[in-house]
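Summary of the model geometry
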Amino acid sequence: MNNPITDQVKKEARKLQRQLTEHNHRYHVLDDPVISDIEYDQLLQRLIEIEKEFPEFSTPDSPTKRVGASPLSAFEQATHSVPMLSLDNAFKDEDVIDFHKRCIKNLNQENLFYIAEPKLDGVAVELKYENGVLVQATTRGDGTTGELITQNVRTIRSVPLKLHEAKFEAPSLLEVRGEVIITRSDFDRLNKIRLENEESIFANPRNAAAGSLRQLDSKITATRPLDIFVYGTGIAQGISFQTQSQMLEALKEFGFPVNAHIKSGLSIESVLTFYKELEALRDSLAYEIDGMVIKVDDISFQRQLGEKIKSPRWAVAYKFPAMQKTTTIKDIIVQVGRTGILTPVAILEPVNVGGVVVSRATLHNEDEIKRKDIRIGDTILVMRAGDVIPKVVKIIESQRKENEVSFKMPSHCPVCHSKIQKTKLDKSIINKCVNASCQAQLKERIKHFVSKKAFDIEGLGKKIVDQLVDEGMLKSFSDVFLLEKEKLTGLDRLGEKSATNLIHSIEKSKKISLRRFVYALGIDHTGEQAAKLISERFLTLKEIMETSEEILKEIKGIGPETASAVTQFFSNLENKGIIKNITYSDVIITNDQPSYTEFQDNLFANKRIVLTGTLQTMTRSEAKKQLEKLGANITSSISAKTDFLIAGEKAGSKLAKARKFGIAILDETQLTALLKENV
Ligand code: I6G
């Protein structure tokens, strides 16, 4: 007998499951949520309640399964129906051309089309869907047998628990293969939290992903920021594809995240060009990649080429140079920064890391050395990522000979020999030289003053600054403008021509924006963004010099440390003198920013505004211009500091984020009315 009440509850449960699945996909795969996190949590909570009271309405694909299940005592093993092979590696263009030659020869073709995609540095998994429902997930293991990690994979928000059937009906059986990853920013956040909780940190995102997937307690996995990109199939019953590209399109339709940087229809020459493009993109991607996978696109050709014991003949991984290498620490020195902070630096046996010779790596601070137990003579793993200074990932303990020498932070500044002061900053002890006339600090301050984002004086490189300070020709920033060609010529590294060019660059740098000028001063806690915010709030340097800490603190984005550092800097007599000297040297400080005072009386003045979606009566850039005229600050991403979101049609994730932060949202009608009111 049907019970109308339970029927009703069952209906509600199914509806909630459908809605939550859709919202989850929008958020984690399409990056286009339409409800806030709070609304999502409310729906989920209701479903949890229902499934608790009526367990018979819970299904294996219910979104409630994403929170984790009871812990296991061990992982069970599962054999892959189709072995999960590995890929042959290519390290240079010729290896790829050889691969191409083998393919065309074996297939008796004149030419071939390839599909290529980034090779993600993650953990390979296989997901098994029966009639569209995720029933099993396994690690690759040895390729033949892997570990069953189904509960853990169910917690990954971007993994569909049920296939989307908008375009294709779910096949009776589908095995999907992909790479579980953690993005770089999630990895940094995860490690930061682990450090705060005094837990061991992960060496890299791949280790973090592997460690998170291999948790016997899936509730722990559920707390880890795992993501997935899929790249292929194992068994597929009830669906077939002619090309790899078609397969990826279908996987996308089924609701899987497929990497955005995939190119198909490539000749072998275009494959090599794409490799260079990807290599250039590598550092800017949100996740780590270690190469490019190249595949023959046509699946009937793939079948003809077949497989070797361990790898397919129709695919190859063209690897990027490694970004982590082992080397040894020859010495540890101490550098004194612009603000007097002492940073220990490892001097390394030079090693080529990803195409760059690395001979130094930062050790950050004394605590980091203790935590990683780094000693002089250690064999270490060094890592380079993008433009950031190389760092020591870990020591290789198995290489310890026990004649390594421990490092001790000096009690006195290695340059001016004054006593070091120890202060606490974010749980770490900072060693600081507090002697304001320390030559090391002066050199770093001047290097900062003339750097690209500040006065941008070409030809005044680090070595020349060191030399000019050592020669006594630079005693403060303002001396830069007193340099004379005759005195420069003849110095080491400076011939007549370089000296002429340098004087020319100095002259050219004398017209500078207020924002760059404030940044150039190298005030504590005042980086590019703070300098920008401050210079937007005031019209002239004089106004900034005369303002109070309270007024500075009122600027959105300026914290108490910056406000205090800025007022302290400008109240210092010596600094006042230096600034006077700079202005006496014909330096012109411009400020293109509209002054705050001009805009005090309108709603948008000095407000942070984000525009999203499509506007009907004007373009976004027109709206931006009008708002900027009123003194608004248009930014591209939503943060807790955003004042307004202007939401046009089809506003996606920004709208949801704004709601989450409780930011005021204006639609186009409200915007036009307010623009009229405020002009
Ligand atoms: O390990 C792999 C990573 C990425 C792969 C792979 C892949 O395609 C993008 N493709 C195959 C065919 C295999 N391993 C065996």
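Everything below is about the structure printed above this text.
Presented here is an overview of the structure given in this document. What you see is a predicted model; the values in this text were computed from it and never measured. Just so you know, the residues in each chain are numbered from 1, in the order the chain's sequence is written. Two thresholds apply to this predicted model, a pLDDT of at least 70 for residue-level local features and 80 or more for giving and counting side-chain atom pairs, whereas whole-chain, interface and lining totals are computed over all residues. Each side-chain value is worked out from all heavy atoms of the structure, with water and hydrogens disregarded.

1. Topic: the packing of helix α12 (residues 439-450) against helix α13 (residues 462-470)
- Two numbers describe how α12 lies on α13: the axes approach to 10 Å, and their chain directions differ by 135 degrees. Overall, the two elements α12 and α13 adopt an arrangement that is oblique. Note on packing geometry: the crossing formed by α12 with α13 is right-handed. On α13, the residues touching Q439, L442, K443, I446, K447 and V450 of α12 are K462, V465, D466, V469 and D470.
- Ten residue types, Ala, Val, Leu, Ile, Met, Phe, Trp, Tyr, Cys and Pro, are classed as nonpolar, four, Asp, Glu, Lys and Arg, as charged, and the remainder, Gly among them, as polar. When grouped by side-chain class, the residues that make up the contact of α12 with α13 number five nonpolar, one polar and five charged. Helix axes are fitted to C-alpha atoms over the stretch in contact, other axes to C-alpha atoms as well, and angles between N-to-C directions run from 0 to 180 degrees. Strands are runs of DSSP state E lasting at least 2 residues, helices are runs of H or I lasting at least 4, and numbering of each runs from the N terminus. Any angle between 65 and 115 degrees counts as roughly perpendicular, while under 35 counts as roughly parallel, over 145 as roughly antiparallel, and the rest as oblique. Here a crossing is taken to be left-handed if its near helix is turned anticlockwise relative to the far helix by less than a right angle, and right-handed if that turn runs clockwise. In this description, contact between two residues means that some pair of their heavy atoms is separated by no more than 4.5 Å.

2. Focus: the packing of aromatic side chains
- What counts as a ring pair is set by centres within 6.5 Å for rings of Phe, Tyr and Trp (its six-membered ring), and what kind of pair is set by the plane angle: stacked under 30 degrees, edge-to-face over 60, tilted for all other angles. Counted by the stated rule, this structure contains 14 aromatic pairs.
- Aromatic pair F455 and F517: ring centres 5.9 Å apart, planes at 65 degrees, arrangement edge-to-face. Taken together, the residues F455 in the loop between α12 and α13 and F517 in helix α16 (residues 514-520) connect sequence positions 62 residues apart. There is no split in this pair, since F455 and F517 are both buried.
- A network of ring pairs unites the aromatic residues F449, F455, F477, F481 and F517 as a single cluster.
- Stacked on the ring of F538, the Lys or Arg R537 has its end atom at 5.0 Å from the ring centre. We call a residue buried when its accessible area falls under 20% of the maximum for its residue type, exposed when it is over 50%, and partly exposed in between, using a 1.4 Å probe and counting protein chains only. Placement of a positive charge over a ring is assigned whenever Lys NZ or Arg CZ falls within 6 Å of the ring centre and within 35 degrees of the normal to the ring plane.

3. What to know about the side chain of S509
- Tracing the backbone shows S509 in the loop between α15 (496-508) and β21 (511-513).
- The class for S509 is buried, based on a relative accessible area of 4%.
- At 2.8 Å, the side chain of S509 and the backbone oxygen of I506 are in polar contact.
- Ignoring any residue separated from it by four or fewer positions in sequence, one finds S509 in contact with F455, I457 and F481. By the criterion applied in these results, polar contacts are pairs of N or O atoms within 3.5 Å in which, for protein atoms, one can donate a hydrogen and the other can accept it, and in which residues neighboring in sequence qualify only through two side-chain atoms.

4. Quick notes on the site of the ligand
- Only heavy atoms are used to decide nearness, and a residue is near a molecule or strand if one of them lies within 4 Å of it. Taken together, L85, S86, L87, E117, R140, Y231, V293, K295 and W314 make up the full set of residues adjacent to the ligand.
- Between the ligand and R140 there is a distance of 3.5 Å, counted from an oxygen atom to a side-chain nitrogen or oxygen.
- In the model, an oxygen atom of the ligand is placed 2.8 Å from a nitrogen or oxygen of the K295 side chain.
- Relative to its unbound accessible surface of 370 Å², the ligand loses 90% to contact with the protein.
- Counted by class, the shell around the ligand contains five nonpolar, one polar and three charged residues. Each accessible area value is a Shrake-Rupley result obtained with a 1.4 Å probe; residue values ignore everything except the protein chains displayed when judging cover.

5. A word on the sheet that holds strand β5 (residues 133-139)
- Read across the open sheet, the four strands follow the order β5-β4-β7-β8; overall the sheet is antiparallel. Strand pairing shows two members of the sheet lacking a second neighbour, β5 and β8 (227-237), which therefore form its edges. Recorded for the sheet is a direction-independent mean angle of 25 degrees between the axes of neighbouring strands.
- Note: strand β4 (residues 123-130) against β5, six bridges, orientation antiparallel. By the bridge assignment for β5, V125 is matched with T139.
- Relative to β4, helix α6 (residues 205-213) is tilted by about 40 degrees, and along the sheet it contacts β4 and β7 (173-181). The pairing criterion is simple: DSSP has to find at least two bridges between the two strands.

6. A word on the pattern of salt bridges
- Only one rule defines a salt bridge in this text: a Lys or Arg side-chain nitrogen within 4 Å of an Asp or Glu carboxyl oxygen. In this structure the tally under the stated criterion is 32 salt bridges.
- Between K92 and D95 there is a salt bridge, with the nearest N and O atoms lying 3.2 Å from each other.
- By relative accessible area, K92 is classed as partly exposed at 44%.
- In this structure, K556 and D643 form a salt bridge, with 2.7 Å as the shortest nitrogen-oxygen distance.

7. A few points about the environment of A623
- By the secondary structure assignment, A623 is in helix α22 (residues 620-629).
- Measuring from C-alpha to C-alpha, the distance between A623 and T672 comes to 9.0 Å, with 49 residues separating the pair along the chain.
- When neighbours within four sequence positions are excluded, A623 is seen to be in contact with L611, L615, M618 and L671.

8. Focus on the pairing of strand β3 (residues 114-120)
- Of all seven residues in β3, six are buried; the element is thus mostly enclosed.
- Two elements, β3 and strand β9 (residues 263-266), share two bridges in a ladder whose sense is antiparallel. The residue bridging Y114 from the neighbouring strand is L266, located in β9.
- Two strands pair when backbone bridges link them, and β3 and strand β10 (residues 289-296) are joined in this way by seven bridges, in the antiparallel orientation. Pairing of Y114 across the sheet is with V296, part of β10.

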